[in-house]
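# Structure at a glance
As a plain string of letters, each chain reads:
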Amino acid sequence: MFLFEFPKLLAYHKPCTLTERQLLKNYTDGVGCFKDTLPSELLLESMFLSVDPYMRPYSQRIMKEGDIMIGTQVASLTAYFGLLEVCKMKPGETVLVNAAAGTVGSVVGQLAKIGGCKVVGCAGSDDKVAYLKKIGFDEVFNYKTVKSLDEVLHKASPDGYDCFFDNVGGEFASVAINQMKKYGRIAVCGAISQYNDSVPQKGPYMQMPMIYKELQMEGFLVTRWNSRREEGLQALLKWVVEGKVKCHEQVTEGFENMPMAFIGMLKGETLGKAVVKV
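For the structure given in this document, a descriptive report is provided here.

The rules we used
- Position numbers for residues count from 1 along each chain, tracking the sequence in the order it is written.
- In view of the model being predicted, local features appear only for residues whose pLDDT reaches at least 70, and side-chain atom pairs are presented and counted only at 80 or more, with totals across whole chains, interfaces and linings using the full set of residues.
- Note that water and hydrogens are dropped before the side-chain values are worked out from all heavy atoms of the structure.
- Between buried and exposed lies partly exposed: a residue is buried under 20% and exposed over 50% of the maximum accessible area for its type, with that area taken using a 1.4 Å probe on protein chains only.
- Where helices and strands are cited, they refer to DSSP runs of H or I of at least four residues and of E of at least two residues respectively, numbered from the N terminus.
- By definition, two strands form a pair when at least two bridges between them are found by DSSP.
- Here an angle of 0 to 180 degrees is reported between the N-to-C directions of two axes, which are lines fitted to C-alpha atoms, with helices fitted over the stretch in contact.
- Note on terminology: angles under 35 degrees are roughly parallel, angles over 145 are roughly antiparallel, angles of 65 to 115 are roughly perpendicular, and the others are oblique.
- Each crossing gets its hand from how the near helix is turned against the far one by less than a right angle, where anticlockwise is left-handed and clockwise is right-handed.
- When checking whether two residues touch, look at their non-hydrogen atoms; a contact exists if any pair is within 4.5 Å.
- Gly is put with the polar residues, along with every residue not named as nonpolar or charged; the nonpolar set is Ala, Val, Leu, Ile, Met, Phe, Trp, Tyr, Cys and Pro, and the charged set is Asp, Glu, Lys and Arg.
- Note on patches: the residues involved have over 30% relative accessible area and no salt bridge, like charges join within 9 Å, and the nonpolar side chains Val, Leu, Ile, Met, Phe, Trp and Tyr join within 5 Å.
- Throughout, the Shrake-Rupley method with a 1.4 Å probe supplies accessible areas, and for residues the shown protein chains are the sole cover considered.
- We define a salt bridge as a contact between a side-chain nitrogen of Lys or Arg and a carboxyl oxygen of Asp or Glu at a distance within 4 Å.

## Here's the deal with the pairing of strand S11 (residues 273–277)
Of all 5 residues in S11, 4 are buried, a share of seventy percent or more. As judged from the 3 bridges shared by strand S3 (residues 48–50) and S11, these two strands associate in the antiparallel manner. Each residue of the ladder has a partner; that of serine 50, found in S11, is valine 275. Looking at chain direction, strand S10 (residues 249–253) and S11 are connected through 5 bridges and run parallel. Each bridged residue has a counterpart across the sheet, and for glutamine 250 the counterpart in S11 is alanine 274.

## Section: the sheet that holds S3
Taken in spatial order, the 3 strands make up an open sheet running S3-S11-S10, and their pairing is mixed. Looking at the sheet topology across the chains shown, the edges are occupied by S3 and S10. Taken pair by pair, the neighbouring strands of this sheet meet at an average axis angle of 35 degrees, ignoring direction.

## Focus on the packing of helix H3 (residues 75–87) against helix H4 (residues 103–114)
At a minimum axis separation of 8 Å, H3 and H4 run at an interaxial angle of 45 degrees. Relative to H4, the element H3 is oriented oblique. Where H3 crosses over H4, the handedness of that crossing is right-handed. Mapping the contact onto sequence places Ala75, Ser76, Thr78, Ala79, Tyr80 and Leu83 in H3 and Thr103, Val104, Val107, Val108, Leu111 and Ala112 in H4. For the contact of H3 with H4, the class distribution of residues is 9 nonpolar, 3 polar and no charged.

## Observations regarding the packing of H3 against helix H9 (residues 229–241)
A packed helix pair is summarised by two numbers, namely the angle formed by the two axes and the spacing between the axes. H9 packs onto H3 with a crossing angle of 100 degrees between their chain directions and a minimal axis gap of 10 Å. The angle between H3 and H9 falls in the class roughly perpendicular. Taking contact as the criterion, the partners of Ser76, Leu77, Tyr80 and Phe81 in H3 are, on H9, Arg229, Glu231, Gly232, Leu233, Ala235, Leu236 and Trp239. For the contact of H3 with H9, the residue count by class is 7 nonpolar, 2 polar and 2 charged.

## Thoughts on a nonpolar patch on the surface
On the surface, Met208, Ile211 and Tyr212 cluster together into a nonpolar patch covering about 370 Å² of accessible area. For isoleucine 211, a relative accessible area of 53% gives the class exposed.

## Side note on the sheet that holds strand S7 (residues 161–166)
Judged by pairing direction, the sheet is parallel, and its 6 strands sit side by side in the order S6-S5-S4-S7-S8-S9 without closing on themselves. In this open sheet, the two strands that pair with only one neighbour each are strand S6 (139–142) and strand S9 (216–219). Shown here is a sheet whose adjacent strand axes are inclined to one another by a mean of 15 degrees, direction ignored. Here 4 bridges tie strand S5 (residues 118–123) to S6, and the two strands are oriented parallel to one another. Counterpart to cysteine 122 in the pairing with S6 is phenylalanine 141.

Honestly, it's all geometry; don't read function into it.
Structure follows, in structure tokens:
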């Protein structure tokens, strides 16, 4: 469910019981207990590294050349809190999600189905469309091959959309906002269409549909709900165990291929979560 991979445990300060040693073996492929480490210290080796879209705007806004990039995003929690707390979805409503085959979008759609909603998603390849249908999306389309985004959104849900979980921004959001129902809610999670822009995009502008449809649009960061992290994890793990939430990881082999994996992810070449096996 895109949470994390267990790192390899190289050293663990003892004493530990036989039972504790067996637990360590189960999770770390059997690493012994060493006495030459300091009390309460763990020595870890990364086995998988994450590449995420947010790294691009984060590095542009906050970091400078030479800084160390850290990746701690838990995408399933982003979907969980964004859908429940920002979109405030209700059973029987219609939810629209773009970049639906990505890390966050695929979980958003599945959670919306669990919540009793109709789900419409879009993706950038026929393979991704097939995958989304397989995991339960009601309507899915390839935005790269449709002639009119406005027409395909209307056909998928003629009555409009109650909730829009936006991972893309740009032209898609400008078109989709006109398809919202009155009092609709929009969760702005990402803007991947703009992450590589050197010059800011210009309109069209959203004020008129926002006013006349009395829409609510809210940007968010998942860190807002850090105090409820355990609640989200427990709910998500339960649905994974029950088979209600499925995930797909696209693994790139070799640390030296991380730039390729990152660029490919930004180009839309990734299905599900992109990780690099180091």
